[in-house]
Amino acid sequence: LSIRRQRQMCIRDRIYLNEDEMPRTWYNVRADMKVKPAPLLNPATGAPMAFDDLRPVFCDELIRQELDNDDREIPIPDEIRDFYKMYRPSPLVRAYCLEKQLQTPAKIYYKFEGNNTSGSHKLNSAIAQAYYAKQQGLRGVTTETGAGQWGTALSMACAYLGLDCKVYMVKCSYEQKPFRREVMRTYGASVTPSPSDTTEVGKKILAENPGTTGSLGCAISEAVEAAVTSGGRYRYVLGSVLAQVLLHQSVIGLEAKAALDKYGVKPDIVIGCAGGGSNLGGLIAPFMGEKLRGEADYRFIAVEPASCPSLTRGVFAYDFCDTGKICPMAKMYTLGSGFIPAPNHAGGLRYHGMSSILSQLYHDGLMEAVSVEQTAVFRAAEEFARVEGILPAPESSHAIKAAIDEAVRCRETGEQKTILFGLTGTGYFDMVAYEKFHDGKMSDYIPTDEAL
């Protein structure tokens, strides 16, 4: 074929919605769940957490969203929609080049959430949580971050709204990703490696585990302590796991479904990477709603790292959401709040548990889960980058790996399935990880049963 013809065959088919087609409401999948997620429990009493129990930690409106199991649609405030318009609607892309590379009859689409300065989907919830903190008259917010995507997004949102932002960053990611840290500082956030000696819980964790590389559970403990000891000036905000976060992230799936519906396309398989559950829950939300209501059927696949396999090797039980055991207890698939995952390069997926919503859906057989090793993930990331022209984040690359595997199966069986996956962000701040992969210095760690 001529070069021109080859280029024509590989032109990306990007589907953009108009601004007026953006969602005006978030979708609350809990409203359609036959079995609701179990409530958060007060660790001191064992009773379900009520509104007043959560007030020292979270913003008032976010508590209402967290406890709301019944309202299917929650209006998106105009101020948040105006902020969304800076980078939304995000594109839905037909991966023609990847299909050609794989020689598959499958049709592959991906929803690209990396087209903003934070480089990921996290901004969708960061601006919402910062907005409600501002409305409540708070001075600022505290949070944790793994790879730094959430911390970056929250620092951007806080700068936009004039809020103070304190970030506790998992120590191994703090050291692996200095540029991500500096973006947060550019937007005015303070960034502390966790565990640290700036909090009582951090000191305790360091005493018990000297030299620890940290975990999201550790960083959560420190961020919560910083909030509850602030004299009411700060509240804690979280980038994943909680129902309120999956609610905000439903804009991903709502836009994806609207774009597909516009062209009469129905996916057979929907795939997302899974750490705490924010992007996966957001992507699958409207499709899962149709499945729950009996209107359509889809196959959902959660993809997690083999080094932190909460769904595939965890237990479905009540557990603390943090390592310091100061947060509410959630019923979820968990590896135990004391589990410290290996310092792999997908920092955003290093959480010991999974969203209670996704855990319940998985437990009820409405969703599948697979775990993949990081060297295989980076091979998939490199293959994708070379043909699709986007350098993917390590977290997103877990979904890419599973999408490639499903497309190859279609090549072997001849099935013409339609695959949708979430490309949650870009990997331009993850070059240390890519360097280790290219230099052959990246290893795979799979915890033993004893370690779990």
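About the thresholds
- Residues numbered from 1 in each chain as written.
- Predicted model: local features only at pLDDT ≥ 70, side-chain atom pairs only at ≥ 80, totals over all residues.
- Heavy atoms only, no water.
- Helix = DSSP H or I, 4+ residues; strand = E, 2+ residues; numbered from the N terminus.
- Buried < 20%, exposed > 50% of the residue type's maximum accessible area, 1.4 Å probe, protein only.
- Contact = heavy atoms within 4.5 Å.
- Polar contact = N/O pair within 3.5 Å; in protein donor to acceptor, adjacent residues only side chain to side chain.
- 1 Å grid on protein atoms, 1.4 Å probe; cavity = no way out; pocket = protein on both sides within 12 Å on 5 of 7 lines; lining within 4 Å.
- Points joined across faces, edges and corners; volume = space filled by probe spheres on them.
- Nonpolar A, V, L, I, M, F, W, Y, C, P; charged D, E, K, R; others polar.
- Pairing = 2+ DSSP bridges.
- Axes fitted to C-alpha atoms, helices over the stretch in contact; angles between N-to-C directions.

Draft legend 1. Structural view of the environment of Ala342. Positionally, Ala342 belongs in the loop between strand E13 (329–334) and helix H15 (356–363). The exposure class assigned to Ala342 is buried, which follows from its relative accessible area of 16%. Sequence separation of Ala342 and Gly214 is 128 residues, and the distance between their C-alpha atoms is 9.4 Å. With sequence-adjacent residues up to four places away left out, Ala342 is seen in contact with Arg350 and Tyr445.

Draft legend 2. Structural view of H15. With six of its eight residues buried, H15 lies for the most part within the structure. Those residues of H15 that sit buried are Ser356, Ile357, Leu358, Ser359, Gln360 and Leu361. At its buried positions, H15 is contacted by helix H12 (243–262), helix H13 (278–292), strand E12 (315–320) and E13. Two or three places before Ile357, at the start of H15, stands the capping residue Ser355, its side-chain oxygen 3.1 Å from that residue's backbone nitrogen. Gly365 lies just past H15 and shows a positive phi near 75°.

Draft legend 3. Geometry of the layout of surface pockets. Reported here for the largest pocket is a volume of approximately 270 Å³. Residue lining of the largest pocket: 19 residues in total, with Pro37, Ala38, Pro39, Leu40 and Glu66 positioned closest to the centre. Mapped by element, the contributors of at least two residues to the lining of the largest pocket are helix H3 (60–67), E13 and H15. Broken down by element, the residue count for the lining of the largest pocket peaks at three residues, all from E13. Residue classes in the lining of the largest pocket are distributed as 13 nonpolar, three polar and three charged.

Draft legend 4. Here's a closer look at the sheet that holds strand E4 (residues 92–94). Pairing within the open sheet is mixed, and its seven strands lie in the order E1-E4-E5-E15-E10-E11-E14. In this open sheet, the two strands that pair with only one neighbour each are strand E1 (13–15) and strand E14 (368–372). Across this sheet, the average inter-strand angle for adjacent strands is 25°, counted without regard to direction. Looking at chain direction, strand E10 (residues 269–273) and strand E11 (residues 299–305) are connected through five bridges and run parallel.

Draft legend 5. View of empty space enclosed by the protein. Considering all chains together, one arrives at four cavities of 30 Å³ or more under this definition. Volume-wise, the second largest cavity comes out at about 120 Å³. In terms of lining, the second largest cavity is formed by 13 residues, of which the most central are Phe58, Leu238, Leu242, Cys321 and Cys327. Here the lining of the second largest cavity is built from residues that sort into 13 nonpolar, no polar and no charged.

None of the figures reported here should be taken as evidence of function without further support.
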